[in-house]
Amino acid sequence: MMKKLLLPALFLMVVLAACGTGEDKGKGESNAEEPKTTATESSGEDVLVDERLQEPAEDTLCAMCNMEVYMKDHEMGVFSAQAIKEDGSNAFYDDIGCLLNAEVANEETNEKFVRDYSTKEWAKVEDVTILKTELKSPMNWGYIHFVDKADADKYVEENPTAYVEELQKVKDEALERRNKKMKEQAEKEAHGESQPASAEMQDGEHGEGH
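Position labels on residues start from 1 in each chain and follow its written sequence. Reporting in this predicted model follows two pLDDT cut-offs: at least 70 for local features of residues, and 80 or more for side-chain atom pairs to be given and counted; totals over whole chains, interfaces and linings ignore these cut-offs and use all residues. Hydrogen atoms and water are omitted, and side-chain values are computed over all heavy atoms in the structure.

Caption draft 1: Inspection of the overall build of the protein chain at higher detail. Numbering goes from the N terminus for both helices and strands, where a helix is a DSSP run of H or I of at least four residues and a strand is a run of E of at least two. Helix and strand counts for the protein chain come out as five helices and seven strands. Secondary structure of the protein chain in N-to-C order comes out as α-α-β-β-α-β-β-β-β-α-β-α. For each residue, the accessible area found with a 1.4 Å probe, counting protein chains only, is set against the maximum for its type, and the residue is called buried under 20%, exposed over 50%, and partly exposed in between. Going through the 210 residues of the protein chain one by one, you find that 35% of them count as buried. Per-residue and other accessible areas follow the Shrake-Rupley method at a 1.4 Å probe size, with only the shown protein chains counted as cover for residues. Surface exposure of the protein chain reaches about 13400 Å², of which carbon and sulfur atoms provide 52%.

If you want it as structure tokens, here you go:
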């Protein structure tokens, strides 16, 4: 009699255990289908890589002044800049002044990127700390950019003549230089003199390498 009672009880326990295993398996499969966190997201970095960004080629010219845009591995490549236009196209610039003035000259609003001085990786110009330095950049602006404020502070500590500059001040300086050049160009044309190759070029203002 006791054996007859135990057999159904054991059968019921086996069925319940099997059901429980099936539920757990279902949960495991559900979790496996969830998208994995990318390495960038899991690292907690604030600046995400934009897949639309590109690298200049060896023969890339500045979209503003028509001078050479240095590649990433060149010592002057740290000054190169890039814009993603409203139509999705990429434009390269040899210095931050050309990057900023392109919007004024073309009456457009672009997503603007510069290189981080420490890594030479692209970063939005609004997200970096801008330092004015005595370095000779392609158009003699001398601005370098840091994603990490601590890196910028360290640079200033090691180079006392360098100082932080606000983006708006850089924009104002770039526009002032452009307006001055445009005025000089107009005066030359009025006197029948030949027009310079680019409104952005100024005598003695382009850095070494050109």
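Caption draft 2: Representation of the environment of S80. Structurally, S80 can be placed in the loop between α2 (39-42) and β1 (81-84). Residues S80 and Y93 lie 13 residues apart in sequence; the distance between their C-alpha atoms is 5.9 Å. Here, residues are in contact when the closest pair of their heavy atoms is within 4.5 Å. Excluding anything up to four places from it in sequence, S80 contacts V69, Y70, Y93, D94, V114, R115 and W122. We define a polar contact as two N or O atoms separated by no more than 3.5 Å, with the added condition that, inside protein, one atom must be a possible hydrogen donor and the other a possible acceptor, whereas residues neighbouring each other in sequence contribute only through side-chain atom pairs. Within the structure, the side chain of S80 is placed 2.7 Å from the backbone oxygen of Y70, a separation counted as a polar contact.

Caption draft 3: Local environment of the environment of A123. Within the secondary structure, A123 is located in strand β4 (residues 122-124). Overall, A123 belongs to the buried group, its relative accessible area being 1%. Considered as a pair, A123 and D50 are 73 residues apart in the sequence and their alpha carbons are 9.0 Å apart.

Caption draft 4: Examining the packing of aromatic side chains more closely. Any pair of Phe, Tyr and Trp rings, taking the six-membered ring for Trp, is counted once the centres come within 6.5 Å. Such a pair is stacked with planes under 30 degrees apart, edge-to-face with planes over 60 apart, and tilted for the rest. For the structure on display, the rule yields four aromatic pairs. Relative to F146, the ring of Y117 lies with its centre 5.5 Å away and its plane at 55°, an arrangement referred to as tilted. One end of the pair, Y117, is in the loop between β3 (111-115) and β4; the other, F146, is in strand β6 (residues 143-146), with 29 residues separating them in the sequence. F146 sits in the buried class, given a relative accessible area of 2%. For the pair F146 and Y155, a centre-to-centre distance of 5.9 Å together with 45° between the ring planes defines the contact as tilted. Residue class for Y155 comes out buried when judged on its relative accessible area of 12%. Pairwise contacts between aromatic rings join Y117, F146 and Y155 into one cluster. A cation over a ring is seen here: K132 above Y143, with NZ or CZ 4.5 Å from the ring centre. Should the NZ of a Lys or the CZ of an Arg lie within 6 Å of a ring centre and within 35 degrees of the ring normal, that charge is described as sitting over the ring. Above the face of the W141 ring, R177 is positioned so that its terminal group lies 3.8 Å from the ring centre.

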